[in-house]
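Listed here are the chains, written in short residue letters.
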Amino acid sequence: SKRIKYVSISVPVLYGNHAIRLTPEMRKPTTPPDHTHQWTVFFKPVIDDFDLTPLIKKVTFKLHETYENPVRSIEKPPYQVTESGWGEFEIIIKLHFHSGVDLGINEKNFQIFHGLKLHPFNPQIQPPRENGEVHSVLYDELVFSEPTEKVFEILTSK
Ligand code: SLL
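Residues numbered from 1 in each chain as written. Predicted model: local features only at pLDDT ≥ 70, side-chain atom pairs only at ≥ 80, totals over all residues. Heavy atoms only, no water.

Participant: Describe the nonpolar core, and please don't skip the residues or the numbers.
Facilitator: Residues Trp39, Phe43, Phe61 and Phe144 are the most contacted members of the largest nonpolar core, which totals 33 residues. Counting residues per element, this core draws most heavily on strand E1 (residues 8–21), which supplies five residues. (Core = buried A, V, L, I, M, F, W, Y, C linked by side-chain atoms within 4.5 Å. Buried < 20%, exposed > 50% of the residue type's maximum accessible area, 1.4 Å probe, protein only. Helix = DSSP H or I, 4+ residues; strand = E, 2+ residues; numbered from the N terminus.)

Right, dumping it as structure tokens:
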């Protein structure tokens, strides 16, 4: 459908990971003995009940090749993957929009590289927690520039 000139709408989002040191109780019989942490990587709107499903078909998380089926495809919220492991690596988070939905004339794709954090950043600034809990969360915005009437409708309804 037609694009609306001189308009752009941004949707505030958060993405990143939480991690915690694996305790003996958390281990399953299938947990490899060299795994030290459990982590969750996620992508979500800042406004928790903001519904992205009319825009987003799926979110893929590309993990390290040491994982089985490294490309994890999440079709509905919460857009997240929980795993255990021993190492930090780069996760590629990619949004796949429904057909007819895009970010506008310039940007077609939305892809983020997130460095999975298992270990605290700087012990001087952020003293390590007892349970080894780590949070690495970043803010970004989905900017829909010159949205089509359809996308404008989705973003401004309710
Ligand atoms: C490193 N370059 O050496 C990184 C690689 C790989 C992480 C980290 C276990 C996967 C599995 C896992 O944590 N891989 O056992 O399924 O630090």
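On we go.
Participant: Could you give an account of the sheet that holds strand E4 (residues 71–74), naming the residues involved and the relevant values?
Facilitator: The four strands are arranged E4-E3-E6-E7 in an open sheet whose pairing can be described as antiparallel. Strands with a single pairing partner mark the edges of an open sheet, and in this sheet they are E4 and strand E7 (110–115). On average, each strand axis in the sheet is tilted by 20° relative to the strand beside it, whichever way the strands run. Direction of pairing for strand E6 (residues 90–97) relative to E7: antiparallel, over a ladder of six bridges. Across the sheet, the residue bridging to Leu95 is Phe110, located in E7. (Pairing = 2+ DSSP bridges. Axes fitted to C-alpha atoms, helices over the stretch in contact; angles between N-to-C directions.)

Participant: Which residues make up the sheet that holds strand E5 (residues 79–85), and what values go with them?
Facilitator: The sheet built from four strands is open, its strands ordered E5-E2-E1-E8 with antiparallel pairing. Edge positions in the open sheet fall to E5 and strand E8 (134–145), since each of these has one partner strand only. Ignoring strand direction, the axes of neighbouring strands in this sheet form an average angle of 15°. Two elements, E1 and strand E2 (residues 37–45), share nine bridges in a ladder whose sense is antiparallel. Looking across to E2, one finds that Val13 is bridged to Pro45. Each of E1 and E8 is contacted by helix H1 (residues 149–156), which is oriented at about 60° to E1, the strand it contacts most. (Contact = heavy atoms within 4.5 Å.)

Participant: Describe the environment of Asn106, and please don't skip the residues or the numbers.
Facilitator: Relative to the assigned elements, Asn106 resides in the loop between E6 and E7. In this structure the C-alpha to C-alpha distance between Asn106 and Glu146, which are 40 residues apart in sequence, comes to 9.7 Å.

Participant: I'd love a proper account of the site of the ligand, names of residues and values included.
Facilitator: In the region of the ligand, the neighbouring residues are His35, His64, Thr66, Tyr67, Gly85, Trp86, Gly87, Glu88 and Phe89. At 3.0 Å, a side-chain N or O of Thr66 approaches a nitrogen atom of the ligand. With respect to the ligand, the backbone of Gly87 contributes an N or O atom lying 3.1 Å from an oxygen atom. In isolation the ligand offers 460 Å² of accessible surface; the protein chains occlude 68% of this area. (Near = heavy atom within 4 Å. Polar contact = N/O pair within 3.5 Å; in protein donor to acceptor, adjacent residues only side chain to side chain. Areas by Shrake-Rupley, 256 points an atom, 1.4 Å probe, with all protein chains shown as cover.)

Participant: So, the packing of aromatic side chains: which residues are in play, and what are the values?
Facilitator: The final tally for this structure, using the stated rule, is five aromatic pairs. Ring centres of Trp39 and Phe89 lie 6.0 Å apart, and the angle between their planes is 70°; this geometry places the pair in the edge-to-face category. On the criterion of sequence distance, the pair formed by Trp39 in strand E2 and Phe89 in the loop between E5 and E6 is long-range, its members being 50 residues apart. Both residues of the pair, Trp39 and Phe89, count as buried. (Phe/Tyr/Trp six-rings, centres within 6.5 Å; stacked < 30°, edge-to-face > 60°.)

On their own, these measurements won't tell you what the molecule is for.
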